[in-house]
Structures are given as structure tokens and as C-alpha cells.
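Single-letter residue listing:
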Amino acid sequence: MLNNKWKIITEKLDFAFQPIINTTTGKLYGVEALLRNVNEAGGFYSISNFFDEAFHQGVLYEIDLILRQKAIKKFTHIPFKGLQLFFNIDNRLLYMPNYSSGNTQIILEKYNLNKEHICFELSERGTLQDQNAITSMINKYKQEGYDIAIDDFGTGISGLQLLYHSEAKFIKLDRYFIQDIETDSKKRLFCASI
């Protein structure tokens, strides 16, 4: 159970939706849920700091579920049909004693959404302490019908391992590899290879 401090913090948190555009059609494909208000809600200096503190206090999974529900609820109010919600998950969820599967499906049923509307994003910034556990979590999400994306690919040292093990449907390259790609043949080759 979350203590009152964390309950108050999570009530004050909100999400902004960043559009994801299909470059072939030019149409809106989906949105990424971006957490907002961490400083105002609890005095955290960054989103990473917020999740680090939740992890260290052992409440990361409970908070993640609250945030999933908040994001999904807000997502249902977007007036466009057929969009996909990209939701970031912290790899450290696996190390929480109360981690269990099936909770996302319960939230989706509450808001009358199908699994096809959700894509879980993994970041290389997260820890890869136990590659087998992360591979198991990814496979479980995929077996349950969820799409997987790798976020900020190229920012960490374990990115190729994550790419190899996740068999992600989407790879979101870090801005470094896209910036000035039209004049940088090495970046074009790198991105084409990936």
C-alpha cells in the first residue's frame, strides 16, 4: 500500500501526449505519454529522480500501475480513433516484490480499450541487471499481445543487447543519430543498418 505522501504525489502528476507521426502517410499514428509535474508534485528535480526514489522506497510497481491507469484514462479522451498509446516502463519493475502480470488488461477493460492500442517502451537508460528477467518480461508482454518499442536507442551501452533480446516492433533512435543525418553518411548508414 502506498503511504499518504506517495498518494498525494501521484494525484498531482499528469501526462502530456507527444504525437507520433507516420512518415509515409503524414498522419497521426499514436502518442507517447510523457509524465509531467514531478517537481510540483513532490519536489523531484527530474523524472528519473522521481522513478529512482520510487524504486528505492519499494513502491515503483504500485506507482507504475497508477500512472498507467492515469495515462490510459486520459488517452481515451483523445478524439482520434485507431491511435496507439506508447507508455514507458521502467525495467526495474521486475525487482519489486509485488510485481505481477495481468494488471494492464484489467485497466484496459475498465476503459474499454484493446491491447492493440498499447505499446510498452523500454529504454536503454534503465538497468539491465538481469538480462533473463528482462527478456522474460518482454516475452510475456509480447505473448499477451502488446507491442514493444525501444526508446532512445543509442544512448546506453546495452542497446544492442536490448535490441537483440526484445525483437521490438518499434525502435526510436536517439536524436543524436537523426540530427544532421542528411549531411552525415555515417549516420545514414548506421540508421539504415538498424
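Since we're looking at a predicted model, the values are computed, not measured. (Residues numbered from 1 in each chain as written. Predicted model: local features only at pLDDT ≥ 70, side-chain atom pairs only at ≥ 80, totals over all residues. Heavy atoms only, no water.)

Draft legend 1. How the structure looks around the overall build of the protein chain. A tally of helices and strands in the protein chain yields nine helices and six strands. Looking at the 194 residues of the protein chain, the share that counts as buried comes to 44%. If you take every contact in the protein chain between residues at least 6 apart in sequence, the share linking residues at least 24 apart comes to 64%. For the protein chain, the exposed surface amounts to about 10900 Å²; the carbon and sulfur share of it is 51%. (Helix = DSSP H or I, 4+ residues; strand = E, 2+ residues; numbered from the N terminus. Buried < 20%, exposed > 50% of the residue type's maximum accessible area, 1.4 Å probe, protein only. Contact = heavy atoms within 4.5 Å. Areas by Shrake-Rupley, 256 points an atom, 1.4 Å probe, with all protein chains shown as cover.)

Draft legend 2. View of the nonpolar core. Residues Trp6, Phe50 and Leu67 are the most contacted members of the largest nonpolar core, which totals 48 residues. Here this core takes eight residues from helix α4 (residues 60–75), the largest share from any one element. Each residue touching Phe50, except ones within four places of it in the same chain, is listed here: Trp6, Ile9, Leu13, Leu35, Val38, Phe44, Ile63 and Leu67. Grouped together as the second largest cluster of nonpolar side chains are five residues, Ile20, Phe86, Cys119 and Ala149 included. (Core = buried A, V, L, I, M, F, W, Y, C linked by side-chain atoms within 4.5 Å.)

Draft legend 3. Representation of empty space enclosed by the protein within the structure. One pass over the full model with this rule turns up one cavity of 30 Å³ or more. Volume-wise, the largest cavity comes out at about 90 Å³. Taken together, the residues of the lining of the largest cavity break down into five nonpolar, six polar and three charged. (1 Å grid on protein atoms, 1.4 Å probe; cavity = no way out; pocket = protein on both sides within 12 Å on 5 of 7 lines; lining within 4 Å. Points joined across faces, edges and corners; volume = space filled by probe spheres on them. Nonpolar A, V, L, I, M, F, W, Y, C, P; charged D, E, K, R; others polar.)

Draft legend 4. Layout of the pairing of strand β6 (residues 170–173). Every second residue of β6 is oriented toward a common face, the buried set being Phe170 and Lys172 and the non-buried set Ile171 and Leu173. Where strand β5 (residues 147–153) and β6 come together, three bridges link them in parallel fashion. Directly across from Ile150, in β6, lies its bridge partner Ile171. (Pairing = 2+ DSSP bridges.)

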